[in-house]
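Structural description and commentary
As a plain string of letters, each chain reads:
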There are 2 protein chains.
Amino acid sequence: MQNRVGARSVQFSSRPKLLSCASTVSRAEGEGPLGSCFDVILEDDKLGAGSFEQAELMMFENTVRLACAKVRLSPSDIGCLLAGDLLNQIITANYGARNLGMPFLGLYGACSTMSESLLIGGMLVDGGYLSPVACVSCSHFSTAERQYRFPLELGTTAPPTSQRTVTGAGCLLVGDALPETPMLSHCVITGATVGKVIDLGITDANNMGAAMAPAACDTIVTHFADTGRRPEDYDLIVTGDLGKFGTEMLHRLLQKQGLGLAGRHVDCGNLIYPPEPKYDCGGSGCGCSAVTLAGHLLPKLEAGELKRILFIATGALMSPTSSLQGESIPGIAHGVVLESNK
Amino acid sequence: MQNRVGARSVQFSSRPKLLSCASTVSRAEGEGPLGSCFDVILEDDKLGAGSFEQAELMMFENTVRLACAKVRLSPSDIGCLLAGDLLNQIITANYGARNLGMPFLGLYGACSTMSESLLIGGMLVDGGYLSPVACVSCSHFSTAERQYRFPLELGTTAPPTSQRTVTGAGCLLVGDALPETPMLSHCVITGATVGKVIDLGITDANNMGAAMAPAACDTIVTHFADTGRRPEDYDLIVTGDLGKFGTEMLHRLLQKQGLGLAGRHVDCGNLIYPPEPKYDCGGSGCGCSAVTLAGHLLPKLEAGELKRILFIATGALMSPTSSLQGESIPGIAHGVVLESNK
């Protein structure tokens, strides 16, 4: 196991390259502090389609096509699509893979999908199996809300702990060599830590941050133990979508383990929305960390402003059925290490 | 890309070893022609649990524990669990991963999950990242039926094309070295072909075989084109769960491409049930190909009766929501090559 590092971490010795990225969001995210970073801000989050599910599919597909177009690759040049979303049977990713015609491995890690796809994609490229690969995840407020909680038409008030599902899709292309016209030329993926499912018994489907924080804590602690690194070895430690309360909980859990993050922690859920009371608890959803990575973080790595980050998308593993049956909501978090070689 | 073979196939140069396997089924499968092959035949498919979902989880977890126990490995020795099931948000696999405490990558490929997990698991081991890994998939008639179609209490009659979802769980352990007390010592995984999502416009949720056959055809044709092999180079070409009509359709589609399978094709869906009218169209579900592989095929590879097989689990990518919205049902099929070195 020449590429295994400690219990649950791996290294990508060949340092696979990030070739291109693209992000799409809706108006709410576009009005947030990261608004100017995103490639596409949708005026109409239904994209003129007949259903929100069809709109989510269009957003998924268009974002992947854009990431390919930026480096003049055709979808048929992609060796494998690694993708997932929040809908039952990851139906957005399935139809997206059909429309794009790419070889496809479907993933489900709830909001941890972006780092799960980078982790597996990194291995596919580093191991010399397939390249380039497209790593994608997306979510849509209107499809997720009505699947997981209540019909939108009810106008149900959100409880004070609930985060808002981001409408957004993010795509990163990873490969073993830069294309002729690269978009990114200094970003590489160098390692990863596989997550474990952790369950502290949270049963409140409106408090996802609390459900995911224990898994984020476990992955962070394991990553540093496996690699022998310290938080100071990273410019940023980025969690996916813990939001306000989940972030607080993460810091307390880490403190109990004697680990501080040296002021280097940010959470995508806390970055994405305008400072308005209705967004107070932050964003969530597969798309949240995906668009923040593609739109906000990668340009900083490319410019050399960030040298090394630990990106940990976090997922709450609930299903509408399990919630109704009173089961608890465990979480999972996968970590990937992204570096700038500028 | 030293391990890439053609457009969509990969080779595992180190020939990762299958260390152990285990299978659990319910009474209906136990009464079929393969009944004597399975490790556990459940008398009560509810396992005394409060819900069928809890029963499915117990079946999943017990099967993985059994595969580990057969080679005196503890769940904590497993480097990664690669698993999925048919339930919304693969909730069985999620809770299973939690209970087993294994690092976990959640997959969704519907009934193609068994070969998707072996394909990714093969790369994890072959690339020197993590070992051993547990590849698992499962399904349960009663949880799937009520999620995808109708409440069981309605007693809805099945249309003549509908296959029966297998109640079963299969687990294979793959690793870079044999344990001290091996269960299998002659079975290796040597390559794979990644599937594409293919859609011929089938919209009948009671004719899954027809939805999956085009994807199986595509993967088979691609596998032979990529590797330069012929059907005669395999002792068996095994599809997952096309059932009676899907098998017929596969043969016609292959014929159109000028490819015959030289009498070497079997379908797990056609093998698993007793010859009774109610099972006439065969079995389906993630568990169908998983238990047939673990219970029936691997012992034949281990004994050297089979030298090389192409195992192609097939998935129908439908969701209850997409079916209600009138969308078509695409299919996907991933192929893995298993060999005997006896």
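Residues numbered from 1 in each chain as written. Chains lettered and ligands numbered in written order. Predicted model: local features only at pLDDT ≥ 70, side-chain atom pairs only at ≥ 80, totals over all residues. Heavy atoms only, no water.

The next thing to look at is the overall build of chain A. The helix and strand inventory of chain A stands at 10 helices and 15 strands. By the compact-globule yardstick of 20 Å for 342 residues, chain A fits well, its C-alpha radius of gyration being 18 Å. Along the three orthogonal principal directions, the C-alpha set of chain A runs to about 50 × 50 × 35 Å. A burial count over chain A gives 66% of its 342 residues as buried. For chain A, the exposed surface amounts to about 10,800 Å²; the carbon and sulfur share of it is 50%. (Helix = DSSP H or I, 4+ residues; strand = E, 2+ residues; numbered from the N terminus. Rg over C-alpha atoms; globule rule 2.2 N^0.38 Å. Buried < 20%, exposed > 50% of the residue type's maximum accessible area, 1.4 Å probe, protein only. Areas by Shrake-Rupley, 256 points an atom, 1.4 Å probe, with all protein chains shown as cover.)

The next subject is the packing of aromatic side chains. Counted according to the given criterion, the structure contains 6 aromatic pairs over all chains. Both rings, one in Phe12 of chain A and one in Tyr129 of chain B, keep their centres 6.0 Å apart while their planes meet at 70°; by these two values the pair is edge-to-face. Of this pair, Phe12 of chain A sits in the loop between strand E2 (9-11) and strand E3 (17-26) while Tyr129 of chain B is found in the loop between helix H4 (113-126) and strand E7 (133-139), placing the two residues in two different chains. Stacked on the ring of Phe52 of chain A, the Lys or Arg Lys46 of chain A has its end atom at 4.9 Å from the ring centre. (Phe/Tyr/Trp six-rings, centres within 6.5 Å; stacked < 30°, edge-to-face > 60°. Lys NZ or Arg CZ within 6 Å of the ring centre and 35° of its normal.)

Bringing the packing of helix H2 (residues 52-70) of chain A against helix H3 (residues 91-100) of chain A into the picture now. All names here are of chain A. Two numbers describe how H2 lies on H3: the axes approach to 9 Å, and their chain directions differ by 50°. One way to sum up the angle between H2 and H3 is to call them oblique. As for how H2 packs across H3, the hand of that crossing is right-handed. Between H2 and H3, the contacting residues are Glu56, Leu57, Phe60, Glu61, Val64 and Arg65 on the first element and Thr92, Ala93, Tyr95, Gly96, Ala97, Asn99 and Leu100 on the second. Its residues assigned to classes, the contact of H2 with H3 shows 7 nonpolar, 3 polar and 3 charged. (Axes fitted to C-alpha atoms, helices over the stretch in contact; angles between N-to-C directions. Parallel < 35°, antiparallel > 145°, perpendicular 65-115°, else oblique. Left-handed = near helix turned anticlockwise from the far one by under 90°. Contact = heavy atoms within 4.5 Å. Nonpolar A, V, L, I, M, F, W, Y, C, P; charged D, E, K, R; others polar.)

With that out of the way, let us pick up the relation of the copies chain A and chain B. Superposing chain A onto chain B takes a rotation of 180° combined with a translation of 0.0 Å along the rotation axis, leaving an RMSD of 0.0 Å. Considering both components of the superposition, the chain copies are consistent with a two-fold axis. Rotation axis and chain A: the residue whose C-alpha lies nearest the axis is Leu107 of chain A, separated from it by 2.2 Å. A shared interface surface links the copies, since 100% of the contact residues of chain A are contact residues in chain B too. (Least-squares fit on C-alpha atoms with pLDDT ≥ 70 in both.)

Quick look at the interface of chain A and chain B now. Listed as interface residues are 65 residues of chain A and, on the opposing side, 65 residues of chain B. A buried area of about 5,000 Å², summed over both sides, lies between chain A and chain B, and 59% of it is on carbon and sulfur atoms. On the chain A side of the contact with chain B, Met1, Gln89 and Tyr129 of chain A bury the most area, a combined 17% of that side's loss. On inspection of chain A and its partner chain B, the count reaches 2 salt bridges. For the salt bridge of Asp199 of chain B with Arg98 of chain A, the shortest nitrogen-to-oxygen distance reads 2.5 Å. Counting across the chain A and chain B interface gives 35 residue pairs in polar contact (both at pLDDT 80 or more). When contributions to the side of chain A that touches chain B are tallied by element, the ones reaching two or more residues are E2, H2, H3, strand E6 (104-106), helix H4 (113-126), helix H5 (141-148), helix H10 (320-324) and strand E15 (331-340) of chain A. In terms of residues, the side of chain A that touches chain B owes the most to one element, H4 of chain A, which gives 7 residues. Taken together, the residues of the side of chain A that touches chain B break down into 32 nonpolar, 22 polar and 11 charged. (Buried area = accessible area lost by both parts, 1.4 Å probe. Salt bridge = Lys/Arg side-chain N within 4 Å of Asp/Glu carboxyl O. Polar contact = N/O pair within 3.5 Å; in protein donor to acceptor, adjacent residues only side chain to side chain.)

A word on H5 of chain A. Note that an α-helix has 3.6 residues per turn; residues three or four places apart therefore point the same way. Residue and element names in this part refer to chain A. With 7 of its 8 residues buried, H5 lies for the most part within the structure. Every buried residue of H5 is accounted for by Phe141, Ser142, Thr143, Ala144, Glu145, Gln147 and Tyr148. On its buried side, H5 packs onto H2, strand E7 (133-139), strand E8 (164-165) and H10.

The next subject is the environment of Pro320 of chain B. Note that Pro320 of chain B resides in helix H10 (residues 320-324). When the C-alpha positions of Pro320 of chain B and Ser139 of chain B are compared, they lie 16 Å apart, and in sequence the two are 181 residues distant. If we ignore the near neighbours within four places in the chain, the residues touching Pro320 of chain B are Gln89 of chain A together with Gln147 and Tyr148 of chain B.

This brings us to the nonpolar core. Ranked by size, the top nonpolar core spans 123 residues in total, and within it Leu81 and Leu173 of chain A together with Leu81 and Leu173 of chain B carry the most contacts. Counting 102 residues, the second largest nonpolar core, distinct from the first, contains Val10, Tyr129, Leu184 and Ile272 of chain B. (Core = buried A, V, L, I, M, F, W, Y, C linked by side-chain atoms within 4.5 Å.)

Okay, the pattern of salt bridges next. Applying the stated criterion across every chain, the model contains 25 salt bridges over all chains. In this structure, the salt-bridge partner of Glu43 of chain B is Arg27 of chain B, at a minimum N-O distance of 3.0 Å. A residue pair is termed long-range when its members are at least 10 positions apart, and Glu43 of chain B in the loop between strand E4 (40-42) and helix H2 (52-70) and Arg27 of chain B in helix H1 (residues 27-30) qualify at 16 residues. The network of salt bridges with common partners includes Arg15, Arg308 and Glu339 of chain A.

Bringing H4 of chain A into the picture now. Taking 1.5 Å per residue, 14 residues should reach 20 Å; H4 of chain A reaches 19 Å between its end C-alpha atoms and fits that length. Counting buried positions along H4 of chain A gives 14 out of 14 residues, so the element sits mostly inside the fold. (Expected span 1.5 Å × (residues − 1).)

Let us look at the pairing of strand E11 (residues 236-239) of chain A. Residues and elements named next belong to chain A. Burial along E11 is two-sided: Leu236 and Val238 and Ile237 and Thr239, pointing in opposite directions, are all buried. Inspection of the sheet shows E11 paired to strand E14 (residues 308-316) by 4 bridges, in the parallel sense. Bridge pairing links Val238 to Phe311 in E14. Note: E11 against strand E12 (residues 265-267), 3 bridges, orientation parallel. Bridging from a neighbouring strand, Ile237 pairs with His265 of E12. Considered for its hand, the β-α-β crossover made up of E11, helix H7 (residues 243-256) and E12 is right-handed. (Pairing = 2+ DSSP bridges. Right-handed = clockwise from strand over helix to strand, strands pointing away.)

Another point: the side chain of Thr239 of chain B. Residues and elements named next belong to chain B. Within the fold, Thr239 resides in strand E11 (residues 236-239). At 2.6 Å, the side chain of Thr239 forms a polar contact with the side chain of Asp267. Beyond its immediate sequence surroundings of up to four residues, Thr239 is in contact with Ala216, Leu250, His265, Val266, Asp267, Cys268 and Ile312.

Further remarks concern the side chain of Thr222 of chain B. Residues and elements named next belong to chain B. Summarising the element assignment, Thr222 is placed in helix H6 (residues 208-227). One polar contact links the side chain of Thr222 to the main-chain carbonyl oxygen of Asp218, over a distance of 2.7 Å. Leave out the neighbours within four places in its chain, and Thr222 touches Arg8 and Thr193.

Let us now look at the packing of helix H6 (residues 208-227) of chain A against H7 of chain A. Residue and element names in this part refer to chain A. Two elements in contact, H6 and H7, have axes separated by 8 Å at closest approach and are oriented at 40°. Put simply, H6 runs oblique to H7. Remark: the crossing between H6 and H7 carries right-handed chirality. For the pair H6 and H7, contact is made by Gly209, Ala210, Ala213, Pro214, Ala216, Cys217, Ile220 and Val221 and by Gly246, Met249, Leu250, Leu253 and Leu254, respectively. Here the residues of the contact of H6 with H7 are counted per class, giving 11 nonpolar, 2 polar and no charged.

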